[in-house]
Amino acid sequence: MDIGQFIKGMPKVELHAHLNGSLSTKTLIELGKLEYGESNNEFQRICESFQQKQEFTLEECFKKFPIAHALTKTKDGLRRALLSVIRDFALDNVVYLELRTTPKTTTKMSKTEYLETVFETIRLASSMYPDICVKLLPSIDRSKGIEFAKDTVHLVLKALKTHADLIKGIDLSGNPASGSFNDYTKILSEARNNNLKLALHCAEIDNDGETYEMLQFGMDRCGHGTYMSSQNLNIAKEKQIPIECCLTSNVKCGTVKSYQEHHFKNLYSSKHPVVLCTDDSGVFDTTLSEEFIIAQKTFDLKKKDLEVLSLRAVDVSFASPLEKEVMKTKICKYFYD
Ligand SMILES: [Zn+2]
């Protein structure tokens with residue numbers, strides 16, 4: 001079997017995926033037709049431009065975000081979007097998915113309704129797509145400010161009473177240049193003290209001081225870890241903080257010049273816990289299999305490396321010990337049967 005096919009069939013673990021960014025172009029078009037009808041000219045125009053192209057510029061990629069937001073503002077839209085994303089990951093043989101989304105008030109839903117719709121849909125998906133286990137990391141969006149963040153965490157803590165099996169942690173994301181990390185330490189500590197894991201976007205931009213503060217504060221996983229000074233990298237290594245590497249996202253956004261120069265290479269060869277993730281598979285037009293294929297080709301990974309990476313992703317996931325056991329059995333069966 002060729003290595004690409006082997007990777008596609010491989011049971012995979014996705015730990016860094018944002019709901020809206022994971023909506024594929026095909027799904028956006030389908031959802032748009034349902035929401036606006038076939039005759040909406042503006043939407044038709046955007047859809048046609050998506051359909052005609054294979055490759056998108058960064059500017060074109062980012063045009064997908066507002067469309068995804070608009071299509072998930074109703075309960076039905078959110079439900080359809082979430083089911084499509086889970087289906088797409090399941091079709092890519094992802095067996096475990098930690099999905100991130102910012103609970104938000106829309107013109108059609110309260111923040112609580114948004115979150116409840118997400119839980120309901122994840123439970124519905126477990127019967128429709130039984131081969132994939134989905135967990136939620138509600139997001140704090142830095143650009144929305146501290147009061148919004150507090151409200152989100154308190155809502156999530158309340159939801160833990162009935163959905164503790166689905167909520168595994170909190171994600172800190174959004175514009176990394178907005179606000180200061182220190183503003184969020186109190187609310188993140190509260191989340192941590194209530195047994196929520198922390199997956200923080202960190203060192204996404206060049207800001208050594210803030211990266212240092214974040215690493216000192218601690219986190220269960222670091223998203224991206226692109227701009228790490230050697231001092232900060234040493235702290236991450238001492239603390240053994242796993243780093244989620246999103247190759248295509250970083251290259252397309254221009255935070256990393258090329259696949260060859262991606263920090264994944266040094267992290268992996270120094271045996272630091274590192275995982276491959278998609279970030280926004282829809283926006284950047286990729287899949288987790290595709291990310292593994294790129295890593296395999298770029299860094300000449302062998303089957304043993306693919307196994308190590310897969311098992312490491314299980315280890316650093318926020319799944320329960322039993323869920324981890326099930327995933328490891330699936331992975332080992334695939335590699336050794
Ligand atoms: Zn991200």
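Just so it is clear, the structure is predicted and the values come from calculations on it, not from any experiment. (Residues numbered from 1 in each chain as written. Predicted model: local features only at pLDDT ≥ 70, side-chain atom pairs only at ≥ 80, totals over all residues. Heavy atoms only, no water.)

(A) Inspection of unusual backbone geometry at higher detail. The phi dihedral of N195 is positive, around 70°, even though this residue is not glycine. If you trace the backbone, N195 turns up in the loop between α9 (185-193) and β5 (197-202). Its identity as a non-glycine residue notwithstanding, H224 has a phi of 80°, on the positive side. Mapped onto the elements, H224 comes out in strand β6 (residues 221-224). (Helix = DSSP H or I, 4+ residues; strand = E, 2+ residues; numbered from the N terminus.)

(B) Quick look at empty space enclosed by the protein. One pass over the full model with this rule turns up two cavities of 30 Å³ or more. Here the largest cavity defines a volume of roughly 70 Å³. Around the largest cavity, the lining residues are R142, P176, H201, C202, A203, E204, I205, N207, E210, T211 and M214. Among the elements that take part in the lining of the largest cavity, helix α10 (residues 208-217) stands out by supplying three residues, more than any other. (1 Å grid on protein atoms, 1.4 Å probe; cavity = no way out; pocket = protein on both sides within 12 Å on 5 of 7 lines; lining within 4 Å. Points joined across faces, edges and corners; volume = space filled by probe spheres on them.)

(C) Quick look at the nonpolar core. Judged by nonpolar contacts, the single largest core of 101 residues is most densely connected at I140, I170, L188 and F264. Those residues in contact with L188, other than ones at most four positions away along the chain, are I140, I170, L172, F181, L198, L200 and F217. (Core = buried A, V, L, I, M, F, W, Y, C linked by side-chain atoms within 4.5 Å. Buried < 20%, exposed > 50% of the residue type's maximum accessible area, 1.4 Å probe, protein only. Contact = heavy atoms within 4.5 Å.)

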